Amino acid sequence: MGLLNKLDPHIEQFGSGNIIITTVDKLLNWSRLSSMWQMFFGLACCAIEMMATSASHYDLDRFGIIPRPSPRHCDIILISGTVTLKMATRIKRLWDQMPEPKYCISMGSCANCGGPYWEHGYHVLKGVDRVIPVDVYVPGCPPRPEALLEGLIKLQEKIRNQSTYQKTEKVS
Amino acid sequence: MDINEIYNKLKAVFGDDIIELKTDKPVDPFIIVNPEKINAICYFLRDEESLQFDSLSCLSGVDFDKDNLASVYHLYSYALNHKLVIKAIVPKEKPELPTVSDVWATAEWHEREAYDMMGIIYTGHPDLRRILTPEDWEGHPLRKDYKVQEFYNGMKVPY
């Protein structure tokens, strides 16, 4: 029952607890944000911090975030590192292979805006948002694992507040 | 072997194709050679009993000055423990010189990189394609006069 407490106050229990009433939105959002399977996209030094975040010390698994090898299994893509123009075409292709609903986190200055390569990096894409839509930007060069966790929690908040049937907020 | 001895040995065999020896400190002393003869010179450096340059440590492309590019060869002899730097200067309007990939196989990828970054064309190279940038890239990025392209595959390149 501990998990269901997260749905409060939009949950009602009847009888001995076998019947639960909630809204479709809340249930869908809760299930989505509780198992954000991520596609690793480690491209540079940010990947080291991302790996550290996944490892036992910071333990991404406790948020239900586990790395998957195939884009077809994934809910989020975590762009961590310098996006070269050569790699950008691959990112776009893998993003297109991910099933909806899908989200993108841009980690580190390079993926956000080109970082130190903004002026003379002829081969660097100046921000991954020129290729795919980004939901959360995590600043830093590279960001600490705490910062990445903050970004992931921000994304969970975004998912928690979205609506499947109301057109008020963009889903993806 | 001393750089002057190497220079004299080369001079005796190749004559005017060995253009100049420069020993200005602090850079390594280097010999400027005729680019058209680079292949023959390298074969000689490798096979001559008293030189035995069995290793090409590095091959680099250089934007040498306003009108010239250069191909720089850092050679080392494991057998005799001496080293040598050779420069072959080619004009920018026709940056062509023979490959040395048949002398040292390691030159194959080095020459591809020099071609990719500087646009130096190595004639006789078995597979002279771009090695770092995508195949449909425009221009040679490490040239001083390089202008970055506005769009690549629909993606805006400048900031």
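Treat the numbers as computed from the prediction; the structure is a model and nothing was measured. (Residues numbered from 1 in each chain as written. Chains lettered and ligands numbered in written order. Predicted model: local features only at pLDDT ≥ 70, side-chain atom pairs only at ≥ 80, totals over all residues. Heavy atoms only, no water.)

Asks: Lay out the overall build of chain A with the relevant residues and their values.
Replies: Within chain A, the secondary structure is distributed over five helices and seven strands. Helices (α) and strands (β) of chain A occur, in sequence order from the N terminus, as β-β-α-β-α-β-β-α-β-α-β-α. Long-range contacts, defined as pairs at least 24 residues apart, comprise 72% of the intrachain contacts of chain A with a sequence gap of at least 6. Accessible area for chain A stands at about 9,100 Å²; split by element, carbon and sulfur atoms hold 57% of it. (Helix = DSSP H or I, 4+ residues; strand = E, 2+ residues; numbered from the N terminus. Contact = heavy atoms within 4.5 Å. Areas by Shrake-Rupley, 256 points an atom, 1.4 Å probe, with all protein chains shown as cover.)

Asks: Which residues make up the interface of chain A and chain B, and what values go with them?
Replies: Interfaces are often sized by the amount of accessible area the parts lose when they come together. Tallying the contact residues gives 13 residues for chain A and 17 residues for chain B. Taken together, both faces of the contact between chain A and chain B bury some 1,100 Å²; the carbon and sulfur share is 70%. Counting across the chain A and chain B interface gives four residue pairs in polar contact (both at pLDDT 80 or more). With four residues, helix α3 (residues 85-97) of chain A is the largest single contributor of residues to the side of chain A that touches chain B. (Buried area = accessible area lost by both parts, 1.4 Å probe. Polar contact = N/O pair within 3.5 Å; in protein donor to acceptor, adjacent residues only side chain to side chain.)

Asks: Which residues make up the sheet that holds strand β2 (residues 30-33) of chain B, and what values do they have?
Replies: All names here are of chain B. A sheet is described by the order of its strands in space; here five strands give the open sequence β1-β2-β5-β4-β3, paired in mixed fashion. Both edges of this open sheet fall to β1 (18-22) and β3 (55-63), since each of them pairs with a single strand only. Along the sheet, successive strands turn relative to each other by an average axial angle of 20°, direction set aside. With respect to the sheet, helix α2 (residues 38-47) is in contact with β1, β2, β4 (68-77) and β5 (82-91), its orientation differing from that of β5 by roughly 175°. Against the sheet, helix α3 (residues 107-118) contacts β3 and β4, and its axis sits at roughly 10° relative to β3. (Pairing = 2+ DSSP bridges. Axes fitted to C-alpha atoms, helices over the stretch in contact; angles between N-to-C directions.)

Asks: Describe the packing of aromatic side chains, naming the residues involved and giving the relevant values.
Replies: If you walk through the whole model with that rule in mind, you get six aromatic pairs over all chains. Taken together, a centroid distance of 5.2 Å and an interplanar angle of 70° make the contact between A:Trp118 and B:Tyr159 edge-to-face. Residue A:Trp118 is located in the loop between α4 (108-113) and β7 (136-138), and its partner B:Tyr159 is located in the segment after β9 (155-156); the two belong to separate chains. Classification of A:Trp118 by relative accessible area gives partly exposed; the value is 40%. With a centroid separation of 5.8 Å and 75° between ring planes, the pair formed by A:Tyr122 and B:Tyr146 is classed as edge-to-face. (Phe/Tyr/Trp six-rings, centres within 6.5 Å; stacked < 30°, edge-to-face > 60°. Buried < 20%, exposed > 50% of the residue type's maximum accessible area, 1.4 Å probe, protein only.)

Asks: Would you mind going over the side chain of A:Ser106 in detail, with residue names and values included?
Replies: All names here are of chain A. Looking at the secondary structure, you find serine 106 in strand β6 (residues 103-107). Within the structure, serine 106 has its side chain in polar contact with the backbone oxygen of alanine 111 (distance 3.3 Å). Aside from chain neighbours lying at most four places away, what touches serine 106 is Ile79, Ala111, Asn112, Val128, Val134, Val136, Tyr137 and Val138.

Asks: Lay out the confidence of the model for chain B in plain terms, naming residues and giving numbers.
Replies: This prediction gives chain B a mean pLDDT of 91; 100% of its residues lie at or above 70. Two summary scores accompany this predicted model of the complex, namely pTM at 0.79 and ipTM at 0.72. (pLDDT = per-residue confidence, 0-100.)

Asks: Run through the side chain of A:Asn29, naming residues and quoting values.
Replies: In this fold, A:Asn29 is placed in helix α1 (residues 24-34). Each residue touching A:Asn29, except ones within four places of it in the same chain, is listed here: A:Ile159, A:Arg160, A:Asn161 and A:Gln162.

Asks: So, the pattern of salt bridges: which residues are in play, and what are the values?
Replies: On inspection of all chains with the given rule, the structure shows eleven salt bridges over all chains. Its salt-bridge partner being A:Asp96, residue A:Lys92 comes within 3.6 Å of it at the nearest N-O pair. Pair noted here: A:Lys92 and A:Asp96 are both in helix α3, with a separation of four residues, about one helical turn. The residue B:Lys66 makes a salt bridge to B:Asp67 at a minimum N-O spacing of 4.0 Å. (Salt bridge = Lys/Arg side-chain N within 4 Å of Asp/Glu carboxyl O.)

Asks: Which residues make up helix α2 (residues 46-54) of chain A, and what values go with them?
Replies: All names here are of chain A. Looking at α2, one finds that the buried residues are Cys46, Ala47, Met50 and Thr53. Down the axis of α2, the buried side of the element spans an arc of 115°, and every buried residue falls inside it. Along its buried surface, α2 packs onto β3 (38-42), β5 (76-80), β6, α4 and α5 (145-160). (Arc of directions from axis to C-beta.)

Asks: Lay out the pairing of β2(B) in plain terms, naming residues and giving numbers.
Replies: All names here are of chain B. What you see with β2 is no split at all: Phe30 and Ile32 on one side and Ile31 and Val33 on the other are buried throughout. Two strands pair when backbone bridges link them, and β1 and β2 are joined in this way by four bridges, in the antiparallel orientation. Following the sheet pairing, lysine 22 is matched in β2 by phenylalanine 30. Alignment of β2 against β5, held across four bridges, turns out to be parallel. Bridge pairing in β5 links valine 33 to alanine 88.

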